[in-house]
Protein chains: 2
Amino acid sequence: MDIAKLRDGILKQDRRALARAITLVESARADHRALASELLDGLREVGKQALRIGLSGTPGVGKSTFIESFGMMLTGKRLKVAVLAVDPSSTRSGGSILGDKTRMERLSRDPNAFIRPSPSQSHLGGVARRTREAVALCEAFGFDVVLIETVGVGQSETVVSEMSDLFLLLLAPAGGDELQGVKRGIMEMADIILVNKADGDLKSAAMRTCADYAGALRLLRKRPQDPEGFPKAMTVSALQEDGLLGAWEEITTLTDWRREAGHWYRRRALQADYWFHEEVRQGVLARLETGTAKTAIERFGAEVSAGRVTPSAAADKVLALLDVKSS
Amino acid sequence: MDIAKLRDGILKQDRRALARAITLVESARADHRALASELLDGLREVGKQALRIGLSGTPGVGKSTFIESFGMMLTGKRLKVAVLAVDPSSTRSGGSILGDKTRMERLSRDPNAFIRPSPSQSHLGGVARRTREAVALCEAFGFDVVLIETVGVGQSETVVSEMSDLFLLLLAPAGGDELQGVKRGIMEMADIILVNKADGDLKSAAMRTCADYAGALRLLRKRPQDPEGFPKAMTVSALQEDGLLGAWEEITTLTDWRREAGHWYRRRALQADYWFHEEVRQGVLARLETGTAKTAIERFGAEVSAGRVTPSAAADKVLALLDVKSS
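Residues numbered from 1 in each chain as written. Chains lettered and ligands numbered in written order. Predicted model: local features only at pLDDT ≥ 70, side-chain atom pairs only at ≥ 80, totals over all residues. Heavy atoms only, no water.

Q: Is there a simple way to explain the overall build of chain A in this structure?
A: A tally of helices and strands in chain A yields 14 helices and seven strands. Counting all 327 residues of chain A, 54% fall into the buried class. For chain A, long-range pairs separated by at least 24 residues make up 74% of all intrachain contacts whose partners lie at least 6 apart in sequence. Total accessible area on chain A is roughly 14200 Å²; 51% of this is exposed by carbon and sulfur atoms. (Helix = DSSP H or I, 4+ residues; strand = E, 2+ residues; numbered from the N terminus. Buried < 20%, exposed > 50% of the residue type's maximum accessible area, 1.4 Å probe, protein only. Contact = heavy atoms within 4.5 Å. Areas by Shrake-Rupley, 256 points an atom, 1.4 Å probe, with all protein chains shown as cover.)

Q: Help me understand the packing of aromatic side chains, please; the structure alone is not making it clear to me.
A: Residues and elements named next belong to chain B. Considering all chains together, one arrives at ten aromatic pairs over all chains under this definition. Aromatic pair Phe141 and Phe143: ring centres 4.9 Å apart, planes at 15 degrees, arrangement stacked. This pair shows no difference in class: Phe141 is buried, exactly as Phe143 is. Ring geometry for Tyr274 and Trp275: centres 5.0 Å apart, planes at 85 degrees, overall edge-to-face. (Phe/Tyr/Trp six-rings, centres within 6.5 Å; stacked < 30°, edge-to-face > 60°.)

Q: What am I meant to see in the sheet that holds strand S2 (residues 81–86) of chain A here?
A: Note on sheets: strands pair through backbone hydrogen bonds, and any given pair is parallel or antiparallel. Residue and element names in this part refer to chain A. Taken in spatial order, the seven strands of this open sheet run S3-S2-S4-S1-S5-S6-S7, and their pairing is parallel. Two strands bound the open sheet, and with one partner strand each, they are strand S3 (113–115) and strand S7 (232–235). Pairs of neighbouring strands in the sheet enclose a mean axial angle of 25 degrees, with direction left out of account. Across three bridges, the pairing between S2 and S3 is parallel. Bridge pairing in S3 places Ala82 opposite Phe114. (Pairing = 2+ DSSP bridges. Axes fitted to C-alpha atoms, helices over the stretch in contact; angles between N-to-C directions.)

Q: Got a minute to help me understand the sheet that holds strand S6 (residues 192–195) of chain B in this structure?
A: Residues and elements named next belong to chain B. Strand order in the open sheet formed by seven strands is S3-S2-S4-S1-S5-S6-S7, and the pairing between neighbours is parallel. The open sheet has two edge strands with one neighbour each: strand S3 (113–115) and strand S7 (232–235). Taken pair by pair, the neighbouring strands of this sheet meet at an average axis angle of 20 degrees, ignoring direction.

Q: Help me out: how do you make sense of the packing of helix H1 (residues 3–11) of chain A against helix H3 (residues 30–43) of chain A in this one?
A: How two helices pack is summed up by the angle between their axes together with the distance between the axes. Residues and elements named next belong to chain A. It is at 10 Å that the axes of H1 and H3 come closest, and there the two elements cross at 45 degrees. Our classification of the angle between H1 and H3 gives oblique. Considering how the two elements wind past one another, H1 and H3 form a crossing that is right-handed. Where H1 abuts H3, its residues Ile3, Leu6, Arg7, Ile10 and Leu11 lie against Leu35, Glu38, Leu39, Gly42 and Leu43. For the contact of H1 with H3, the residue count by class is seven nonpolar, one polar and two charged. (Parallel < 35°, antiparallel > 145°, perpendicular 65-115°, else oblique. Left-handed = near helix turned anticlockwise from the far one by under 90°. Nonpolar A, V, L, I, M, F, W, Y, C, P; charged D, E, K, R; others polar.)

Q: Would you explain the pattern of salt bridges in this entry?
A: For side chains bearing opposite charge, pairing can occur when the charged atoms are close. Taken as a whole and judged by the stated rule, the model has 47 salt bridges over all chains. One salt bridge connects Asp31 of chain A with Arg29 of chain A, and the closest N-O pair in it is separated by 2.7 Å. One salt bridge connects Glu279 of chain B with Arg129 of chain B, and the closest N-O pair in it is separated by 3.1 Å. In this pair, Glu279 of chain B sits in helix H12 (residues 263–286) while Arg129 of chain B sits in helix H7 (residues 124–141), placing the two residues 150 residues apart along the sequence. Exposure class is identical for Glu279 of chain B and Arg129 of chain B. Each is buried. (Salt bridge = Lys/Arg side-chain N within 4 Å of Asp/Glu carboxyl O.)

Q: Sorry, what's going on with the packing of helix H11 (residues 244–261) of chain A against helix H12 (residues 263–286) of chain A here?
A: Residue and element names in this part refer to chain A. Relative to each other, H11 and H12 sit at 80 degrees, their axes nearing to 5 Å. Viewed along their axes, H11 and H12 adopt a mutual orientation that is roughly perpendicular. On H12, the residues touching Thr255, Trp257, Arg258, Arg259 and Ala261 of H11 are His263, Trp264, Tyr265, Arg266 and Arg267.

Q: What should I look at first to understand the pairing of strand S4 (residues 145–150) of chain B in this one?
A: In summary, the side chains of a regular strand alternate between the two faces of the sheet. Residue and element names in this part refer to chain B. Most of S4 is tucked away: six of the six residues are buried. Both faces of S4 are covered, namely the face carrying Val145, Leu147 and Glu149 and the face carrying Val146, Ile148 and Thr150. The pairing of strand S1 (residues 51–56) with S4 spans six bridges and is parallel. Within the sheet, the bridge partner assigned to Ile53 lies in S4 and is Leu147.

Q: Please clarify how helix H10 (residues 203–218) of chain B should be interpreted in this entry.
A: Given 3.6 residues to a turn, an α-helix orients residues that are three or four positions apart in the same direction. All names here are of chain B. Over its 16 residues, H10 extends 23 Å from the first C-alpha to the last, a length consistent with the 22 Å expected when each residue adds 1.5 Å. Taken residue by residue, H10 has Ala205, Ala206, Thr209, Cys210, Tyr213, Ala216 and Leu217 as its buried positions. Down the axis of H10, the buried side of the element spans an arc of 135 degrees, and every buried residue falls inside it. In this fold, the buried residues of H10 make contact with strand S5 (166–171), helix H9 (186–189), S6 and S7. (Expected span 1.5 Å × (residues − 1). Arc of directions from axis to C-beta.)

Q: Please clarify how the confidence of the model for chain A should be interpreted in this entry.
A: Parts of the model with low pLDDT should not have their predicted coordinates read in detail. All names here are of chain A. Scored by pLDDT, chain A comes out at a mean of 86, with 88% of its residues at no less than 70. Averaged over each element, pLDDT in chain A is lowest for helix H5 (residues 90–93) (42) and highest for H11 (97). Below a pLDDT of 50 lies the segment residues 90–99, which in the model reaches 35 contacts outside its immediate sequence neighbourhood of four places, other chains included. (pLDDT = per-residue confidence, 0-100.)

Q: Is there a simple way to think about helix H14 (residues 311–321) of chain A in this case?
A: The complete set of buried residues in H14 of chain A reads Pro311, Ser312, Ala314, Ala315, Val318 and Leu319 of chain A. Seen along its axis, H14 of chain A keeps its buried residues to an arc of 160 degrees; they face one direction.

Q: Any chance you could explain the side chain of Glu278 of chain A here in plain terms?
A: For Glu278 of chain A, the position within the fold is in helix H12. Residue classification places Glu278 of chain A among the buried positions, given a relative accessible area of 17%.

Q: Help me understand the pairing of strand S1 (residues 51–56) of chain A, please; the structure alone is not making it clear to me.
A: Residues and elements named next belong to chain A. Of all the six residues making up S1, six are buried; the element is thus mostly covered by neighbouring parts of the structure. Residues Leu51, Ile53 and Leu55 point to one face of S1 and Arg52, Gly54 and Ser56 to the other, with burial holding for every one of them. Bridging between S1 and strand S5 (residues 166–171) involves four bridges; their strand directions are parallel. The residue of S5 that forms the bridge with Leu55 is Leu168.

Q: Looking at this model, I keep getting lost on the environment of Ala315 of chain B. Mind explaining?
A: With respect to the element layout, Ala315 of chain B can be found in helix H14 (residues 311–321). Residue classification places Ala315 of chain B among the buried positions, given a relative accessible area of 0%. Put simply, Ala315 of chain B and Ala296 of chain B are 19 residues apart on the chain and 9.7 Å apart in space, counted from C-alpha to C-alpha. Among all residues touching Ala315 of chain B, those that are not within four sequence positions of it are Phe276, Glu279 and Val280 of chain A.

Q: Explain unusual backbone geometry here, please?
A: Among all residues except glycine, the phi angle is most often negative; among peptide bonds, the trans geometry is most common. The amide bond that connects Phe230 of chain A to the next residue, Pro231 of chain A, takes the cis arrangement and shows omega of -5 degrees. Note that Pro231 of chain A resides in the loop between helix H10 (203–218) and S7. For Glu241 of chain B, which is not a glycine, the phi torsion comes out positive at approximately 50 degrees.

Q: What exactly am I supposed to notice about the environment of Ala134 of chain A here?
A: Note on placement: Ala134 of chain A falls in helix H7 (residues 124–141). According to the relative accessible area criterion, Ala134 of chain A is buried, its value standing at 5%.

Now the structure itself:
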């Protein structure tokens, strides 16, 4: 594979080159990994930055419709939009939340949009790395906005949040007491909560839900990276393309403020630091899942479960076997 | 030190033996650690279980007053109560949230109560282990209730939650918009939120705050370990000793349900498993903070911060140095 040619193709905004490059970074083959590193290193100094928007929402909230409407609104503003996904379910099923582009028919035909399904990987750490690399390729290509979609098991939201400049949480209106449960910590990650389906019969329910979440957001501690009024909750209708411009204006207000206050760059630097340490930690912990360590952990874990040894004593024994000094 | 004698002392409910045993498990000296392991192993099969209640609340919510009033109410019911603490600040300052027993004057004189300040340790992992061991000693001694207090930086709440059967969050009434911020994830850990100071001028504010949090709790996903109506928010007045009996009744309802449904034992088994794996992980990760690993991480971390290398490429280099295969 000619890496220089692939690099040039991306810089010339050749979409097929981008697609091939993403396939390359998604590969687990050692020779592919080396080529991918070479490519990413060659693109590192291009220096283009997209606005990276993380987006989470459980099935049924209208996420595909929202991405399509929101994406079309952005391309209508002459912005180039890439849509990537981190799909925790693909690690098991091999399925993909964005595999079916027919769910975003208009956007997938738009020359200023690029939709890429989630890669199938064996674990979330692998998905995280591949997605971050795909984001870097999209930035070098010259996309203005990169939407990173996920559907929540908490962990995947953390992954997406740590590679995004801001995080949107999409919700559906809830009726009366049967409010949808928001999973642990996800509400706290959101910069903007969008209550979708604020149309027709659901409009007033959407407004009530929005008010509920606005109230809940006020109960959370103020973060230094938030200007007055953020995080906030708003209603939108992806179906009627209503409120999308307003949402984009809020996103712009927030990102402008963060750029001026220095939070934007600080956050990117912190994220780079996070991923560096995280990959080292994950690499070291991965050792525990093979060979002697795995055998020892299974054996002593069974002893702990049976109540024959305390967790601490068992851990000490495993660490002694690994020749690691206990704390 | 005569471990057999110490063991007998604890089983005979000799409080000085208990205090000495806790001092032993808190020691970082290698010979003390070995004796502590021997003692804990000898007590492991006693099989007594206390109700372990985790309690978090920021300074100013009246935590000491609450513990005193709640503890006195419990000893009034002929229950034996131990109070332990996990103090994240003590890892830095050497200070202690429970060092000053004069804050709980009545309870500290009560023969059925036992108050132990937080140990000073160099890191939260160490505090966690010592506190779990102190809890085990209190259980073997025969306490009915072990209250484990903390004051929150998130991480310490996780530690306490993972060694508790249930978790209480104590809050103060908030006026209007200046609602106190609850830190990430802590609201989601709470089984019961208690809004304290529901007395005098603050009573109506406490009731409003309680209603706000009850609303926020309804927005969270239902957990399998919760019966109908839990987690819940209630008002109490520690000062006027009002609502404490009601809180205890809710605690009893919840724990009875969890025992019958099997969640109680399942949670304890999961916690043992959690601490076993956590101690192995922490032991392995502690390696990264010394010697070659530390030097390499610092060097490549600086390269990442300067933007000269991607986080992944830097992590790969560190792992190669540590002779760990990357994922």
